[in-house]
Amino acid sequence: MRLRAHVAIVGAGPAGLILAALLHRTGIESVVLEDRSREYVEARIRAGVLEQGTVDLLERAGVTERLHREAIVHGGIHLQFDGERHHVPMDELTGGRSIVIYGQTEVVKDLIAVRLEEDLPLLFDVDEVSVHGFDGDEPYVRFEHDGEEHRLDCDVIAGCDGFHGICRPAIQTVLHTFARDYPYGWLGILADVAPSSEELVYAHHQRGFALLSLRSPTRSRLYIQCAPDEDIAKWPDERIWEELQARTALDGWTLDEGPVLEKGVTGMRSFVAEPMQHGRLFLTGDAAHIVPPTGAKGLNLAAHDVRVLADALIEWYAHGDRTALDAYSTECLRRVWRAEHFSWWMTSMLHNAPGADEFDRKLQLSQLRYVTTSTAAATSLAENYVGLERV
Ligand code: RFL
Ligand code: PHB
């Protein structure tokens, strides 16, 4: 079948779904193509920290009704090292800015619900997606759905298909890529137990990094540093709790345990592809860049990309002005590289790299002490963590 839309969106992660919602609000119609099932996409556990700018964008996209009821606002984080836990009051340091705890899974569920309620095109379980003609003025996407072949003609293709998608490889030859792999990963669990700390705890420990986060007043999300190719089968729940207890132990405080509902291992990588556009194909979010999760920036960067792209498309459709579209990549990459540096810095300061010696550890501890004693250093961390207004 032959279909037509203003914008073809490949991928129904946060980037693709937010873009589709923003465009729809101004009458620009899109078709969203997702190669996984709705159940899979809605069950995938990912990020949990939203910057205020991301919440504002979701507001504009019209999907914050449940978020405003359920999200938890945090004004700070804790940094733990050398047996001490220090509070970084991010709101005080940044003139009242805070972060919001609301799972990416919930954001995606809300976006899918609104899109389907409004009867707008969003196809799950598509196969054999390929992108064509973006060098010229008549791009199109080919795909299979329900055993039938389709061609989707459009003005622009948005590659929102994540790190393992097909859009970035389609323009591989014009891209410069920059990458760093880290010699460790994160083993993450979702546990049915109230969080033991009101705010997030980032813990530096000789046995490796640990992070205490949450999803709701009754659900904890916890991570420990592990090998990048760690075999999850070697980690029965008791062993995970033991390790979490050892790495976050503090006099006068206890980490409450509960049933583990989900667990998995994530590798850590920094990656940027430049430019984020070729002809009429635009890359957004993880399709163009990856950060290690320590800075909680991945989802927020994806949201920023699609805000810039949506505004540029609105300008183009309304006034035929391509200036903002042409500046898309340059505009996004400034924030991308700031987040790359911040995420790399947080990661290097908090993890115990294999082969690291006492000198490395002393430098980390000195940096952590500086960040928790100097207002200037704490402000630098805080303004990056809550999201810089201007980059
Ligand atoms: P996604 O979410 O990967 O979505 C891409 C979608 O495209 C689909 N797809 C295709 N569809 C059609 N055809 C194809 N050929 C396709 N190939 C792929 C995929 O199935 C998928 O549905 O990318 P997007 O939208 O750019 O969003 C990026 C975020 O998901 C990611 O950056 C964050 O999850 C990163 N991240 C965090 N970010 C934060 O801002 N704050 C956090 O606290 C945070 N914590 C995390 C994280 C990522 C983690 N993992 C698992 C990598 C914690 C973890 C553990
Ligand atoms: C999470 O809650 O999943 C989370 C929080 C902070 C991070 C990364 C992940 O830096």
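Please read these numbers as outputs of a predicted model, since none were measured by experiment. (Residues numbered from 1 in each chain as written. Chains lettered and ligands numbered in written order. Predicted model: local features only at pLDDT ≥ 70, side-chain atom pairs only at ≥ 80, totals over all residues. Heavy atoms only, no water.)

**Student:** Explanation requested: the overall build of the protein chain in the structure shown.
**Tutor:** Scanning the protein chain from N- to C-terminus turns up 13 helices and 21 strands. The C-alpha radius of gyration computed for the protein chain amounts to 21 Å, which stays within 12% of the reference 21 Å derived for 391 residues, consistent with globular compactness. Each principal axis of the C-alpha atoms in the protein chain carries an extent, and together these give about 65 × 40 × 40 Å. Out of the 391 residues in the protein chain, the part that is buried amounts to 54%. (Helix = DSSP H or I, 4+ residues; strand = E, 2+ residues; numbered from the N terminus. Rg over C-alpha atoms; globule rule 2.2 N^0.38 Å. Buried < 20%, exposed > 50% of the residue type's maximum accessible area, 1.4 Å probe, protein only.)

**Student:** Just to check I follow, could you spell out the pattern of salt bridges for this structure?
**Tutor:** Should their charged atoms come close, side chains of opposite charge can pair. Summed over the entire model, instances satisfying the criterion amount to 25 salt bridges. Glu-262 is paired through a salt bridge with Arg-221; the nearest N and O atoms lie 3.6 Å apart. With Glu-262 in strand β18 (residues 260-274) and Arg-221 in strand β17 (residues 219-226), this residue pair connects regions lying 41 residues apart in the sequence. The partly exposed category is assigned to Glu-262, whose relative accessible area is 31%. When its relative accessible area of 6% is taken as the criterion, Arg-221 is described as buried. Between Asp-326 and Arg-322 there is a salt bridge; the shortest N-O distance is 3.0 Å. Take Arg-322: its relative accessible area is 31%, and that puts it in the partly exposed class. Residues joined by salt bridges that share partners form a network here, namely Arg-66, Glu-70, Glu-106, Lys-109 and Asp-110. (Salt bridge = Lys/Arg side-chain N within 4 Å of Asp/Glu carboxyl O.)

**Student:** I tried to follow the environment of Glu-230 on my own but got confused; where do I start?
**Tutor:** Within the secondary structure layout, Glu-230 lies in the loop between β17 and α8 (237-248). Classification of Glu-230 as partly exposed rests on a relative accessible area of 22%. On a C-alpha basis, the gap between Glu-230 and Thr-375 in space is 38 Å, while along the polypeptide they are 145 residues apart. The contact partners of Glu-230, leaving out residues within four places of it in the chain, are Trp-235 and Val-265. (Contact = heavy atoms within 4.5 Å.)

**Student:** Looking at this structure, how should I read the site of ligand 1?
**Tutor:** Every one of the 33 residues lining ligand 1 counts as a neighbour, but Glu-34, Arg-44, Gln-104, Asp-286 and Leu-299 are closest to it. Measuring from an oxygen atom of ligand 1, one finds a backbone N or O atom of Ala-15 at 2.9 Å. Within the backbone of Val-49, one N or O atom sits 3.5 Å away from an oxygen atom of ligand 1. Contact with the protein chains hides 88% of the accessible area of ligand 1, taken as 1000 Å² for the molecule alone. Only α1 (14-25) and α9 (298-319) provide two or more residues apiece to the shell around ligand 1. Per element, the largest residue contribution to the shell around ligand 1 is 4 residues, and it comes from α9. Taken together, the residues of the shell around ligand 1 sort by class into 15 nonpolar, 10 polar and 8 charged. (Near = heavy atom within 4 Å. Polar contact = N/O pair within 3.5 Å; in protein donor to acceptor, adjacent residues only side chain to side chain. Areas by Shrake-Rupley, 256 points an atom, 1.4 Å probe, with all protein chains shown as cover. Nonpolar A, V, L, I, M, F, W, Y, C, P; charged D, E, K, R; others polar.)

**Student:** It is not clear to me how α1 should be interpreted in this structure. Could you clarify?
**Tutor:** Each full turn of the α-helix corresponds to 3.6 residues, which orients residues three or four apart in the same direction. Along its 12 residues, α1 runs 17 Å from first to last C-alpha, staying within 8% of the 16 Å computed at 1.5 Å per residue. For α1, the buried fraction is high: 10 of the 12 residues fall into the buried class. One or two steps after α1, the chain reaches Gly-27, where phi turns positive at roughly 80°. (Expected span 1.5 Å × (residues − 1).)

**Student:** Please explain the packing of aromatic side chains as it appears in this structure.
**Tutor:** Two measures describe an aromatic ring pair: the distance that separates the ring centres and the angle between the ring planes. Summed over the entire model, instances satisfying the criterion amount to 11 aromatic pairs. With a centroid separation of 5.5 Å and an interplanar angle of 75°, the aromatic rings of Phe-282 and Tyr-328 are classed as edge-to-face. A residue pair is termed long-range when its members are at least 10 positions apart, and Phe-282 in strand β20 (residues 281-283) and Tyr-328 in helix α11 (residues 328-350) qualify at 46 residues. Here Phe-282 and Tyr-328 have matching classes, each one buried. Ring geometry for Trp-316 against Tyr-317: centres 5.1 Å apart, planes inclined by 55°, an arrangement best described as tilted. Residue classification places Tyr-317 among the partly exposed residues on the basis of a relative accessible area of 29%. Among the aromatic residues, those joined into a ring-pair cluster are Trp-186, Tyr-202, Phe-209, Tyr-223, Phe-342, Trp-345 and Tyr-385. (Phe/Tyr/Trp six-rings, centres within 6.5 Å; stacked < 30°, edge-to-face > 60°.)

Purely geometric stuff here, so don't read any function into it on its own.
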